[in-house]
Amino acid sequence: DAGITQSPRHKVTETGTPVTLRCHQTENHRYMYWYRQDPGHGLRLIHYSYGVKDTDKGEVSDGYSVSRSKTEDFLLTLESATSSQTSVYFCAISELDRGFNQPQHFGDGTRLSIL
Amino acid sequence: SQQGEEDPQALSIQEGENATMNCSYKTSINNLQWYRQNSGRGLVHLILIRSNEREKHSGRLRVTLDTSKKSSSLLITASRAADTASYFCATLTIQGAQKLVFGQGTRLTINP
């Protein structure tokens, strides 16, 4: 398995609170991604990073921010959590800079519940 | 809207039978990838097929790609109980940012 660790694995919090999820990789891959997975929607891209301090928005970026200060860490922050952000969040990495025909490798997810 | 759409949404077969899942997409692609997800786990990459390829094999997996019909199929032969999982197709589009777009998945159940 690719060396990807997501923390925490489970979190319950209240509406309006800030939440930060962490993705840590040991593969030295340049590209990192945050997705959310919801029933009926599959996986949707929130934000991605193509290098340290280089990030861009995905399909569902509203209400989320990211930071990448080191190659190995990619943080996802919910600035003021809402119930609609209850979901399972997945981090992924890829060596896309070796060519576009590269797979993504996923962590095991963070189950986040906003009450 | 999702680029890839899987069909069927759910499939239940007996162990030993073959399972076929289909994926359709809308825009031109660089490649198409299939992933498996076991309950409570992350996605695992199965196979990648490039836009200039028509068929690819990996063990009991066979993937076909028809770019004229914008569709792909994943065949799992001689299914096993351990194949029970959700299967997703994902496309890497040619235009715009190089990001994977996932379909909603097919839930495959293998009955012993």
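*Asks:* Give me the layout of surface pockets: which residues, what numbers.
*Replies:* In this model, the largest pocket occupies a volume close to 520 Å³. Lining the largest pocket are 29 residues; nearest its centre among them are A:Gln37, A:Pro39, A:Val88, A:Arg111 and B:Gln37. Residue assignment for the lining of the largest pocket shows that the elements contributing at least two residues are strand E4 (31-38), strand E9 (87-94) and strand E11 (110-114) of chain A together with strand E9 (85-93) of chain B. A per-class count over the lining of the largest pocket returns 5 nonpolar, 18 polar and 6 charged.

*Asks:* An account of the interface of chain A and chain B is requested, with residue identities and associated values reported.
*Replies:* Interfaces are often sized by the amount of accessible area the parts lose when they come together. Counting residues at the interface gives 24 residues for chain A and 22 residues for chain B. When chain A packs against chain B, the two sides together hide about 1,800 Å² of surface, and 51% of this comes from carbon and sulfur. The closest approach of N and O atoms between A:Asp108 and B:Arg41, which form a salt bridge, is 3.1 Å. Counting across the chain A and chain B interface gives 5 residue pairs in polar contact (both at pLDDT 80 or more). For the side of chain A that touches chain B, the secondary-structure elements that each account for two or more residues are E4 and strand E5 (42-51) of chain A. Among the elements that take part in the side of chain A that touches chain B, E5(A) stands out by supplying 5 residues, more than any other.

*Asks:* Please provide a residue-by-residue account of the environment of A:Gly51, values included.
*Replies:* Residues and elements named next belong to chain A. Looking at where Gly51 falls in the secondary structure, it is placed in strand E5. In this structure Gly51 comes out as buried when scored by relative accessible area, which is 10%. Along the chain, Gly51 and Asp108 lie 57 residues apart, while their C-alpha atoms are 22 Å from each other.

Parameters at a glance
Residues numbered from 1 in each chain as written. Chains lettered and ligands numbered in written order. Predicted model: local features only at pLDDT ≥ 70, side-chain atom pairs only at ≥ 80, totals over all residues. Heavy atoms only, no water. 1 Å grid on protein atoms, 1.4 Å probe; cavity = no way out; pocket = protein on both sides within 12 Å on 5 of 7 lines; lining within 4 Å. Points joined across faces, edges and corners; volume = space filled by probe spheres on them. Helix = DSSP H or I, 4+ residues; strand = E, 2+ residues; numbered from the N terminus. Nonpolar A, V, L, I, M, F, W, Y, C, P; charged D, E, K, R; others polar. Contact = heavy atoms within 4.5 Å. Buried area = accessible area lost by both parts, 1.4 Å probe. Salt bridge = Lys/Arg side-chain N within 4 Å of Asp/Glu carboxyl O. Polar contact = N/O pair within 3.5 Å; in protein donor to acceptor, adjacent residues only side chain to side chain. Buried < 20%, exposed > 50% of the residue type's maximum accessible area, 1.4 Å probe, protein only.

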